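Fold and contact review
One-letter residues, chain by chain:
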Amino acid sequence: TAYYTGGLAQLAYRFGRASFIEAKYAQSTNVYSRFDGTSIDGNTPINTVNTLAFKKVEARLGIGLFDRFTSFAGYGQRTWNRFLSSGAGYREIYIWNFMPVGFILSFYERGPYKWAFEASRRPMTAGKIQVITSETKDGGADSEMTLGNRTGYRVGIPIRYGGAGRFFLSATPWYERSEIGESNVVANTPLAPTPGTGIYEPASVTNELGIDLLAGISF
């Protein structure tokens, strides 16, 4: 479990009533995540705090099918960099691409206020994990594994206040579920020292709740 803040930047070109092209960049650093569990064999309790960093870039094209309904598709990449601090510790870097496909339904417009509902399916591709032990362990070896592809989902409620002039504010409460599949097995001497053994990344699920806050100018 972790609570964190980050930065968000977005550039969008809107045409027609409900069509757009946009690019988005989000980053969070110095995230502290508490882990309370055991070793893989279940014999050693582990209670530690790991440091994390997230980065996400995404581009989307939206086509307005009706005045208040837009379908969209896009492409993006997510990076998850974490340092596991138990013992001497080591670093893991997850990178995968995703392809959001979804829709935006505007359900309330009055004066300067606009409310919408957004949902997307986000299948992943080209997932990999780098396990880096050379930073912290003598004779450490770095390994790379291929992650199994899984599909994530995201829903949100974009709320926009236009006000006077070109300045606007927006807030988007959201929920996102992302998954990674089990990886292949590779050798890594510090983490799997017994001959004939190796390491792998198990399948996992991440659930996130958040809110995006933006202040912008329309041209």
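Anything mentioned here points back to the structure above.
Thresholds applied
Residues numbered from 1 in each chain as written. Predicted model: local features only at pLDDT ≥ 70, side-chain atom pairs only at ≥ 80, totals over all residues. Heavy atoms only, no water. Helix = DSSP H or I, 4+ residues; strand = E, 2+ residues; numbered from the N terminus. Contact = heavy atoms within 4.5 Å. Core = buried A, V, L, I, M, F, W, Y, C linked by side-chain atoms within 4.5 Å. Buried < 20%, exposed > 50% of the residue type's maximum accessible area, 1.4 Å probe, protein only. Phe/Tyr/Trp six-rings, centres within 6.5 Å; stacked < 30°, edge-to-face > 60°.

1. A word on the environment of Ala-73
Secondary-structure assignment places Ala-73 in strand β4 (residues 69-84). Setting aside residues no more than four positions away along its own chain, Ala-73 makes contact with Ala-59, Arg-60, Leu-61, Pro-100 and Val-101.

2. Examining the nonpolar core
Of all hydrophobic cores here, the largest spans 17 residues; its most connected members are Tyr-94, Ile-129, Val-131, Met-145, Leu-147, Ile-180 and Ile-199. Elements with a minimum of two residues in this core: β3 (45-66), β4, β5 (90-98) and β7 (113-132). Excluding anything up to four places from it in sequence, Leu-147 contacts Tyr-94, Met-124, Gly-127, Lys-128, Ile-129, Ile-180, Gly-181, Glu-182, Ser-183 and Glu-201.

3. Overview of the packing of aromatic side chains
Considering all chains together, one arrives at eight aromatic pairs under this definition. Taking 5.6 Å as the distance between ring centres and 15° as the angle between the ring planes, the aromatic pair formed by Phe-69 and Phe-103 counts as stacked. Of the two residues, Phe-69 sits in strand β4 while Phe-103 sits in strand β6 (residues 101-110), which places them 34 residues apart along the sequence. A relative accessible area of 25% places Phe-69 in the partly exposed class. Seen in terms of ring centroids, Phe-103 and Phe-117 are 6.1 Å apart; in terms of plane orientation they differ by 50°. Their pairing is tilted. Taken together, the residues Phe-103 in strand β6 and Phe-117 in strand β7 connect sequence positions 14 residues apart. Through pairs of rings, three or more aromatic residues link up here, namely Tyr-4, Phe-54, Trp-80 and Tyr-94.

4. A closer look at unusual backbone geometry
Its identity is not glycine, yet Asn-30 carries a phi of approximately 55°, on the positive side. For Asn-30, a relative accessible area of 59% gives the class exposed. Even without being glycine, Ala-126 reaches a positive phi, approximately 55°. In this structure, Ala-126 sits in strand β7.

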